[in-house]
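# Remarks on the overall topology
Listed here are the chains, written in short residue letters.
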Amino acid sequence: LAQVEESGGGSVQAGGSLRLSCRVSAFARTGDCVGWFRQAPGKPHEGLANIETDDGDVIYADSVKGRFTVSRDLASKTISLQMNRLTPEDTAMYYCAVRFDAFCYRRYLQELDKFPTWGRGTQVTVFS
């Protein structure tokens, strides 16, 4: 039984939008750091954004700032990734990961090992 599960991936035309969801089984009362990552074929994992579930503060990677938006819904224990103006370069497997009872730091975008719990990913394909 997965504790973190992504959904919402699919195929979309360039210029379009897609919203991904990350369902988490439980949040710490004091808040967690939840990260969105992606991996394109033949490339390393890329950190996209981190969000603190207690106050909703978000740290974005420069590569997606202005196009991607992360938000939280505590009642449903869901972290959303809204992706706009998609390009073929956004084609990748998208992952959600959780560092429980923790703050987020910008360096976590490059430190995947800080997140002990991962979903299995959801595929996003952007075509021209």
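Check the entry above for the structure.
Presented here is a report on the structure given in the accompanying data block. These figures come from a predicted structure and were not determined experimentally. (Residues numbered from 1 in each chain as written. Predicted model: local features only at pLDDT ≥ 70, side-chain atom pairs only at ≥ 80, totals over all residues. Heavy atoms only, no water.)

With that settled, consider the state of the cysteines. Any covalent bond linking the sulfur atoms of two cysteines counts as a disulfide. In total, this model carries two disulfides according to the counting rule given. The disulfide partner of Cys22 is Cys96, and the gap between their sulfur atoms is 2.0 Å. Every disulfide takes its handedness from the sign of the S-S torsion; for Cys22 and Cys96 that torsion is -70 degrees, giving left-handed. With a gap of 74 residues between them, Cys22 in strand β3 (residues 18-24) and Cys96 in strand β9 (residues 92-99) connect regions that are remote in the sequence. Accessibility assignment for this pair places Cys22 and Cys96 in one class, buried. At a sulfur-sulfur separation of 2.1 Å, the disulfide partner of Cys33 is Cys104. The sign of the 115 degrees torsion about the S-S bond sets the Cys33-Cys104 disulfide as right-handed. One end of the pair, Cys33, is in strand β4 (residues 33-39); the other, Cys104, is in the loop between β9 and β10 (117-118), with 71 residues separating them in the sequence. This pair shows no difference in class: Cys33 is buried, exactly as Cys104 is. (Disulfide = S-S within 2.5 Å. Helix = DSSP H or I, 4+ residues; strand = E, 2+ residues; numbered from the N terminus. Buried < 20%, exposed > 50% of the residue type's maximum accessible area, 1.4 Å probe, protein only.)

Within the largest apolar cluster, 36 residues are counted, with the highest numbers of intra-cluster contacts made by Trp36, Leu81, Met83 and Tyr94. Of all the secondary structure elements, the ones that give two or more residues to this core are β3, β4, β5 (46-52), β6 (58-60), β7 (68-73), β8 (78-83), β9 and β11 (122-127). When residues in this core are grouped by element, the largest group, five residues, is from β9. (Core = buried A, V, L, I, M, F, W, Y, C linked by side-chain atoms within 4.5 Å.)

The subject of this paragraph is the packing of aromatic side chains. For the coordinates displayed, the defined rule picks out five aromatic pairs. Between Phe37 and Phe115 the ring centres are 5.3 Å apart and the planes differ by 75 degrees, which places this aromatic pair in the edge-to-face class. With Phe37 in strand β4 and Phe115 in the loop between β9 and β10, the pair connects residues that are 78 residues apart, well separated along the chain. Ring geometry for Tyr105 and Tyr108: centres 5.5 Å apart, planes at 80 degrees, overall edge-to-face. With relative accessibility at 37%, the residue Tyr105 sits in the partly exposed group. (Phe/Tyr/Trp six-rings, centres within 6.5 Å; stacked < 30°, edge-to-face > 60°.)

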